[in-house]
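Inside the fold
Next come the chains, spelled out residue by residue.
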Amino acid sequence: MGADTRAIVLDGPGPPEALRIKDVPVPEVGDGWVRVKVEAFGLNRSEYHLRTGVATNAKFPIVPGIEAVGTVDAAPGGEFPVGQTVVAMMGGMGRAFDGGYAEYTAVPASSVIPVRTKLDWATLGALPEMLQTAHGSLYAGLDIRAGQTILIRGGTSSIGVAAAVLAKEQGLTVLSTTRNPARLNVLRKFGVDHPLVDDGSITGAVREIVPAG
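The paragraphs below set out a description of the structure included in this document. Once a new chain begins, its residue numbering starts again from 1 and follows that chain's sequence as written. Side-chain atom pairs in this predicted model are given and counted only at pLDDT of 80 or more, local residue features only at pLDDT of at least 70, and totals for whole chains, interfaces and linings cover all residues. By convention in this description, side-chain values take in all heavy atoms of the structure and omit both hydrogens and water.

**Points about the side chain of T71**
Short version of the rule: Helical segments are the DSSP runs of H or I of at least four residues, strand segments are the runs of E of at least two, and each set is numbered from the N terminus. Contact definition: two residues touch when any of their heavy atoms are within 4.5 Å.
Of note, T71 is situated in strand β4 (residues 67–74). If sequence neighbours within four positions are ignored, T71 has contacts with R35, V36, K37, G83, Q84, T85, V86 and W121.

Structure representation (structure tokens):
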């Protein structure tokens, strides 16, 4: 494009002030890559690790951000039409190459997922990594199957809620915990079969519901 745009750039590990808004060239893309006009991006612990120097696989300077949502601005390989609403995440974003903390980001087409949604950008931007974490934990980690029973700790967190919804869709019986009794109805709202108050010891309550579990 030959123009400049804005991005948050990290020149190296440091305090929060090390994250600086800078003018940078709009990223060029070739076949197999997609340029996304970013409308929102999530904040993850991964970026904290990057900034504090815990990450060992990063190059600097770098635009952080392992996820972003927006619309396709260019896809030379024809993988997506211009204007398509998409999610971009992982695959080296914010570590091997510049990530989503920018007005435009260039990512491999394999890291891009088309979506149809009526959600506003801020809400959509909070979902990709959270949903991937919940989905991966349930399906890749636990290989959940219909008819099973699952206990979710920290059930009112975003990942806890997502895990409950996904597990219910798969046909599981869901037990889920919260430390706040006032939030039991929140768990029920999202389909949890057995909301539990975590008072530091939930074994007895769980055994009453699932004696052979």
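**Thoughts on unusual backbone geometry**
In the segment running from F60 into P61, the intervening peptide bond is cis, with an omega of -5 degrees. With respect to the secondary-structure elements, P61 resides in the loop between α1 (45–52) and β4. Even without being a glycine, M90 presents a positive backbone phi close to 60 degrees. Considering the arrangement of structural elements, one finds M90 in the loop between β5 (85–89) and β6 (104–108).

**Focus on the sheet that holds strand β8 (residues 149–152)**
Going by this rule: Pairing between two strands is assigned when DSSP locates at least 2 bridges connecting them. Axis geometry follows a simple rule: fit a line to the C-alpha atoms, using only the stretch in contact for helices, then measure angles between N-to-C directions, giving values from 0 to 180 degrees.
Read across the sheet, three strands follow the order β8-β9-β10 without closing on themselves; strand pairing throughout is parallel. Edge positions in the sheet fall to β8 and β10 (194–197), since each has one partner strand and no second. Taken over all neighbouring pairs, the strand axes of this sheet differ in orientation by 20 degrees on average, direction set aside. Relative to strand β9 (residues 173–178), β8 runs parallel, the two sharing four bridges. Within β9, the residue paired with L151 across the bridge is L175.

**Here's the deal with the pattern of salt bridges**
Here the idea is simple: oppositely charged side chains can pair when their charged atoms come close. Stated precisely, the cut-off is as follows: Counted as salt bridges are all cases of a side-chain nitrogen of Lys or Arg within 4 Å of a carboxyl oxygen of Asp or Glu. Classification of residues uses two cut-offs on accessible area relative to the type maximum, computed with a 1.4 Å probe and protein chains only: under 20% is buried, over 50% is exposed, and between them is partly exposed.
Scanning the model with the defined rule gives seven salt bridges in all. In this structure, K168 and D193 form a salt bridge, with 3.0 Å as the shortest nitrogen-oxygen distance. Taken together, the residues span a long stretch of sequence, with K168 in helix α4 (residues 158–169) and D193 in the loop between α5 (184–189) and β10 at a distance of 25 residues. On the accessibility criterion, K168 (31% relative accessible area) is partly exposed. When its relative accessible area of 33% is taken as the criterion, D193 is described as partly exposed.

**Considerations on the nonpolar core**
Worth spelling out the cut-off: Think of a nonpolar core as a cluster: buried Ala, Val, Leu, Ile, Met, Phe, Trp, Tyr and Cys residues, connected wherever their side-chain atoms sit within 4.5 Å.
One finds L138, I150, I152 and V174 to be the most contacted residues of the largest nonpolar core, which totals 15 residues. Those elements that provide at least two residues to this core are α3 (128–141), β8 and α4. A per-element tally of this core places α4 first, with five residues. Residues in contact with L138, not counting those within four places in the same chain, are D143, I144, I150, A163, L166 and A167. One finds V36, A75, A88 and V112 within the second-largest nonpolar core, a separate group that totals 14 residues.

Any functional reading would require information that these geometric values do not contain.
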